[in-house]
Amino acid sequence: MKVRGSVRPPGDKSISHRALMLAALAGGGGGGGTSELEGLLTGADVKSTARVLRQLGAEISSIRDAKVVVHASRISHPASRLHCGNSGTTARLMLGILAGQKFAATLTGDASLRRRPMRRVTEPLRAMGAEITEGRGDALPLTIRGGRLRALTYTTPVASAQIKSALLLAGLTGGVAVTIREPYRSRDHTERLLAHLGLGLHERDGAIVYEPAPEARSLVPAFPLAVPGDASSAAFLVGAAALAEGGELVIENVGVNPTRTGFLVVLARMGAHVDRVNLRDAGGEPVADLVARPGGGALRGTEVSAAEVPTLVDEVPMLAVLASRAEGETVFREVGELRVKESNRLELIAANLRVLGVEAEARGNDLHVCGTTRPPRGRVDTARDHRLAMAFAVLGTLPGADVRLSEKGSVAISYPRFFRDLKAIGVG
C-alpha cells in the first residue's frame, strides 16, 4: 500500500478546550466580550466543554468547523449538575475556573470519567481556599464552592498540563498569583494563550508564574483565534505513512508546539521520515505542514526516556504499534500515567499487542514491545478509548493484517473523520 495526497487533521483538542474557556471568561467573567474561533475540534470532548460553559451563562454557537462565536456573560450558578461527558480536560480545567466563583457547582461525568483521579487538582485548589466536597473519594461527582482565593506556589507531583492549567485558571478567575514548577515540562498551550492575550504569564527561574494585573480581576479580552490541527491526531496519519510501502503524504496545518511533538523525535530515531515545511505562527502557537514518507527500510527499536514522555504521552499507543513492526525492542520508560487515561491504556496496549501475536509487556511503569514481521491478526479491545481504536486501526493497514476493533465510535471524541481520512490517503 502507498500513501498519497494531502489531509488536514481536525482542530487541536487541547487548544479548543482552552480557547472556549477563555472566550467565555472575556471581561473577567463579568461578560462583555465576543470572540470568534475558527477550526475548533468538533469532537465530543470539546462539545462537553461548550455544554458546561453554556450552563454557566456563556452563549456559544454550534460547534462546527467554520467558525464558533462565543458571547461571554457573567459566570453564574448553574441550574443543574455540570456533566463533563468523557472529558478529563473539561472536568479538571473547569474546577480551576469554578474555584474563583462565589457559588457552589457540582461536576460529574460518564462512567469512564468518574473513575479518573481528581485529587491531583482538588488538593492544590483547596490549598488556594476553594471548598471541595467529594462524594466518592478521589473521583467525580464532586462539589466545589469557590470564592476568595490565596496565592499559591506549587510543585506538581507529575508533569501534567491539566493540573497546571487548572491552577492558572484559578489564579486568573480568583485574581491571585500562582507559581508552578513541574518535574518535566508538560504541554504549554494554556501559558501560550494567556501570554498571547497579555494576561501576566511569564517564566521565572524555571517556574511558570501568573501574576494578575493590579485591579481586583484580570480582564480577559475578547479575541479571534484560528486553532491549528491537532498534533496527536496527525500522529496517526504519520504512523500510517511510516508503515506504508511507498508514496508521500502531506498533513496540513499541524500545531508543532515542541511540548507536543516528542513523537516526531522518537520516530526519527526509529527511521521514519517526516519533514516540517511552511512554518508559521498562529495565536502564539507554531504551525507547519508535515511531509511524511515511508522510511524505505525496517523501523528500529528505541528507548523513550521518562523526560520525553510528557511531550508524547497521547502518542504512546501509536508509537507502540509502530514499535511492534520495528527491529528489536522498544521500551517506554515511566508511562504509568497511561493507567488513568480514558482507559488503562498501559495494560490494554500490551494485552492487545499480545492478542495480535506481538511480544509486549507492562513491567511496573515501563512498557516493553518487541518487533515482529508476522502480520497482526486478532480482535482488539478498545475499551471505547479513541486513541487505542485509531492506533490499532493503523496497524490493521499492513498487508496481510486482520485487526478487528471491538468498536469504532469512540474516535468521535477527537477525530470524527478518522476512518474516512485513512481511506482517502490510500491505506484505510
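Here is a short report on the structure shown in this document. It should be emphasised that the depicted structure is a prediction, and the values quoted were computed from it without experimental measurement.

Criteria and thresholds
- Residues numbered from 1 in each chain as written.
- Predicted model: local features only at pLDDT ≥ 70, side-chain atom pairs only at ≥ 80, totals over all residues.
- Heavy atoms only, no water.
- Pairing = 2+ DSSP bridges.
- Helix = DSSP H or I, 4+ residues; strand = E, 2+ residues; numbered from the N terminus.
- Axes fitted to C-alpha atoms, helices over the stretch in contact; angles between N-to-C directions.
- Contact = heavy atoms within 4.5 Å.
- Buried < 20%, exposed > 50% of the residue type's maximum accessible area, 1.4 Å probe, protein only.
- Core = buried A, V, L, I, M, F, W, Y, C linked by side-chain atoms within 4.5 Å.
- Polar contact = N/O pair within 3.5 Å; in protein donor to acceptor, adjacent residues only side chain to side chain.
- Salt bridge = Lys/Arg side-chain N within 4 Å of Asp/Glu carboxyl O.

### Considering the sheet that holds strand S10 (residues 152–155)
Phase 1: The four strands lie next to each other as S10-S11-S13-S12, forming an open sheet whose pairing is mixed. Unpaired on one side and paired on the other, S10 and strand S12 (201–204) mark the two borders of the sheet. On average, adjacent strands in this sheet sit at an angle of 20 degrees to one another, irrespective of strand direction.
Phase 2: As judged from the three bridges shared by strand S11 (residues 178–181) and strand S13 (residues 207–210), these two strands associate in the antiparallel manner. Residue Thr179 lies in a different strand from S13, and its bridge partner there is Val209.

### Here's the deal with the sheet that holds strand S6 (residues 82–83)
Phase 1: Pairing is mixed in the open sheet, where four strands are placed in the order S6-S7-S9-S8. The sheet terminates laterally at S6 and strand S8 (131–134), the two strands that pair on one side only.
Phase 2: In the sheet, S6 pairs with strand S7 (residues 104–108) via two bridges, with the strands oriented parallel. Bridge pairing in S7 places Leu82 opposite Leu107.
Phase 3: Against the sheet, helix H4 (residues 119–128) contacts S8 and strand S9 (142–145), and its axis sits at roughly 145 degrees relative to S8.

### A word on the pairing of strand S18 (residues 285–293)
Phase 1: Within S18, seven of the nine residues are buried, which leaves the element mostly enclosed by the surrounding structure.
Phase 2: Both strand S16 (residues 249–255) and S18 contribute to a ladder of five bridges, which runs antiparallel. What sits directly across from Val250, in S18, is Val291.
Phase 3: Bridge count between strand S17 (residues 273–282) and S18: eight bridges; the pairing is antiparallel. Across the sheet, residue Arg280 finds its bridge partner in S18, namely Val287.
Phase 4: Taken together, S17 and the strand that follows it, S18, pair antiparallel across an intervening segment of two residues, in which Gly283 is found at a positive phi of about 60 degrees.

### Structural notes on the nonpolar core
Proteins that are soluble and globular tend to have nonpolar side chains buried together.
Phase 1: The biggest cluster of nonpolar side chains holds 71 residues, and the ones touching the most others in it are Ile251, Phe332, Leu353, Leu367, Val369, Phe392 and Phe418.
Phase 2: Sort the elements by how many residues they give to this core and helix H7 (residues 231–243) lands first, with ten residues.
Phase 3: If we skip the residues at most four places from it in the chain, Phe392 touches Val321, Ile349, Asn352, Leu353, Leu356, Val380, Val403 and Leu405.
Phase 4: Leu25, Leu40, Val52 and Leu125 belong to the second largest nonpolar core, which has 68 residues in total.

### Quick look at the environment of Ser165
Phase 1: Within the secondary structure layout, Ser165 lies in helix H5 (residues 161–174).
Phase 2: As for Ser165 and Val121, which are separated by 44 residues in sequence, their C-alpha atoms are 9.6 Å apart.
Phase 3: The residues contacting Ser165, other than those within four sequence positions of it, are Arg18, Leu93 and Thr190.
Phase 4: Of note is the side chain of Ser165, whose polar atom sits 3.2 Å from the side chain of Arg18.

### Comments concerning helix H6 (residues 189–196)
Phase 1: His189, Thr190, Glu191, Leu193 and Leu194 are the residues of H6 that are buried.
Phase 2: Close packing links the buried residues of H6 with helix H1 (13–24), H5, S12, S13, strand S14 (224–226) and S18.
Phase 3: In the stretch just after H6, Gly198 is the one whose phi turns positive, near 70 degrees.

### A closer look at the pairing of S16
Phase 1: Of all seven residues in S16, five are buried; the element is thus mostly enclosed.
Phase 2: Note that strand S2 (residues 6–7) and S16 share two bridges and pair parallel. The residue of S16 that forms the bridge with Ser6 is Val250.

### As for the pattern of salt bridges
Phase 1: Within the structure shown, the criterion is met by 31 salt bridges.
Phase 2: With a shortest N-O distance of 3.6 Å, Arg8 and Glu252 are connected by a salt bridge. Residue Arg8 is found in the loop between S2 and H1, and its partner Glu252 is found in strand S16; the two are separated by 244 residues along the sequence.
Phase 3: Owing to a relative accessible area of 45%, Arg8 belongs among the partly exposed residues under this scheme.
Phase 4: Given the relative accessible area of 26%, Glu252 is considered partly exposed.
Phase 5: The salt bridge involving Glu407 is made with Arg384; its shortest N-O contact spans 3.5 Å. Of this pair, Glu407 sits in the loop between strand S24 (402–405) and helix H12 (418–424) while Arg384 is found in the loop between strand S23 (377–380) and helix H11 (386–395), placing the two residues 23 residues apart along the sequence.
Phase 6: Taken together, the shared-partner salt bridges connect Lys164, Glu182, Arg185, Asp188, Glu191, Arg192 and Glu203 into one network.

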